[in-house]
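These are the residues of each chain, in order.
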Amino acid sequence: MKIRKGDQVRVLQGKDRGKEGRVAFSFPETGKVIVDGINTAKRHTKPRGADKPGGIITKDMPLDVSNVAVVCPSCSKAARVGYRFDAAGTKVRVCRKCNADLPEPKE
Ligand SMILES: [Zn+2]
């Protein structure tokens, strides 16, 4: 998947279109990501024991990866991601707008 946990992304579609956030979780098998503070939904939960009180909880819901784009740190645009191979033969992600390397996010 072209989007990794820790990437800064911009939302392209949906109710939070235009907002930016950091990827908190990625689910490569379903093609979804959870972005901090994006696509929140209020959940009304019942109490389940002493450590899980009920109430209204704000929860970040998964977004489809096709609806977000990585924000390039070099040109600060929401860019599509390409690949190149460096001298050591390692796959490096690049910004398709300015061709700068995209840094690997720290977990
Ligand atoms: Zn760029």
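Since the structure is predicted, the reported quantities are computational estimates derived from the model, not experimental observations.

Peer 1: What am I meant to see in the overall build of the protein chain here?
Peer 2: Helix and strand counts for the protein chain stand at zero helices and ten strands. For the protein chain, the N- to C-terminal ordering of α and β elements is β-β-β-β-β-β-β-β-β-β. Taking 107 residues into account, the globule formula puts the C-alpha radius of gyration at 13 Å, and the protein chain, at 17 Å, lies well above it. With respect to the principal axes defined by its C-alpha atoms, the protein chain has extents near 55 × 30 × 20 Å.

Peer 1: Help me understand the coordination of the zinc ion, please; the structure alone is not making it clear to me.
Peer 2: Protein coordination at the zinc ion comes from Cys-72 (SG), Cys-75 (SG), Cys-95 (SG) and Cys-98 (SG), with a distance range of 2.2 to 2.3 Å. Viewed at the metal, the four donor atoms of the zinc ion are separated by angles of 104 to 113°, and the geometry they form is tetrahedral. Overall, the relative accessible area of 34% leaves Cys-98 in the partly exposed class.

Peer 1: What is the right way to look at the sheet that holds strand 6 (residues 63–64) in this model?
Peer 2: The strands that make up a sheet pair up through hydrogen bonds in the backbone, lying either parallel or antiparallel. An order of 6-3-2-1-7-8 is seen for the six strands of this open sheet, with the pairing classed as antiparallel. Each end of this open sheet is capped by a strand with a single partner; those strands are strand 6 and strand 8 (78–79). Examined bridge by bridge, strand 1 (residues 8–11) and strand 7 (residues 68–71) share three bridges and lie antiparallel to one another. Residue pairing across strands places Val-9 opposite Val-70, the latter belonging to strand 7.

Peer 1: Can you walk me through the packing of aromatic side chains in this structure?
Peer 2: Aromatic ring pairs are defined here through the distance separating the ring centres and the angle between the ring planes. The final tally for this structure, using the stated rule, is zero aromatic pairs. Over the aromatic face of Tyr-83 sits the side chain of Lys-91, whose NZ or CZ is 4.5 Å from the ring centroid.

Peer 1: I tried to follow the environment of Lys-59 on my own but got confused; where do I start?
Peer 2: You can see Lys-59 is positioned in strand 5 (residues 55–60). Sequence separation between Lys-59 and Asp-36 is 23 residues; the distance between their C-alpha atoms is 9.6 Å. Once residues lying within four places of it in the same chain are set aside, the contact partners of Lys-59 are Asn-39, Thr-40, Ala-41 and Arg-43.

Peer 1: Sorry if this is basic, but what is going on with a positive patch on the surface here?
Peer 2: Taken together, the side chains of Lys-2, Lys-77, Arg-80, Lys-91, Arg-96 and Lys-97 define a basic patch exposed on the protein surface. Following the sequence through the fold, Arg-96 ends up in the segment after strand 10 (91–95). With relative accessibility at 47%, the residue Arg-96 sits in the partly exposed group.

Peer 1: Can you walk me through the side chain of Asp-16 in this structure?
Peer 2: If you trace the backbone, Asp-16 turns up in the loop between strand 1 and strand 2 (20–27). Asp-16 has contacts with Val-11, Ile-38, Asn-39 and Thr-40, leaving out every residue within four places of it along the chain.

Scoring rules and cut-offs
- Residues numbered from 1 in each chain as written.
- Predicted model: local features only at pLDDT ≥ 70, side-chain atom pairs only at ≥ 80, totals over all residues.
- Heavy atoms only, no water.
- Helix = DSSP H or I, 4+ residues; strand = E, 2+ residues; numbered from the N terminus.
- Rg over C-alpha atoms; globule rule 2.2 N^0.38 Å.
- Donors = N, O, S within 2.8 Å, 3.2 Å for Na, K, Ca; no water.
- Tetrahedral: all angles 85-135°; square planar, octahedral: opposite > 155°, others 65-115°.
- Buried < 20%, exposed > 50% of the residue type's maximum accessible area, 1.4 Å probe, protein only.
- Pairing = 2+ DSSP bridges.
- Phe/Tyr/Trp six-rings, centres within 6.5 Å; stacked < 30°, edge-to-face > 60°.
- Lys NZ or Arg CZ within 6 Å of the ring centre and 35° of its normal.
- Contact = heavy atoms within 4.5 Å.
- Patch = residues over 30% accessible without salt bridge, like charges linked within 9 Å, V, L, I, M, F, W, Y side chains within 5 Å.
- Areas by Shrake-Rupley, 256 points an atom, 1.4 Å probe, with all protein chains shown as cover.
- Salt bridge = Lys/Arg side-chain N within 4 Å of Asp/Glu carboxyl O.
- Lys, Arg positive; Asp, Glu negative; His and termini not counted.
- Charge placed at Lys NZ, Arg CZ, Asp CG, Glu CD.

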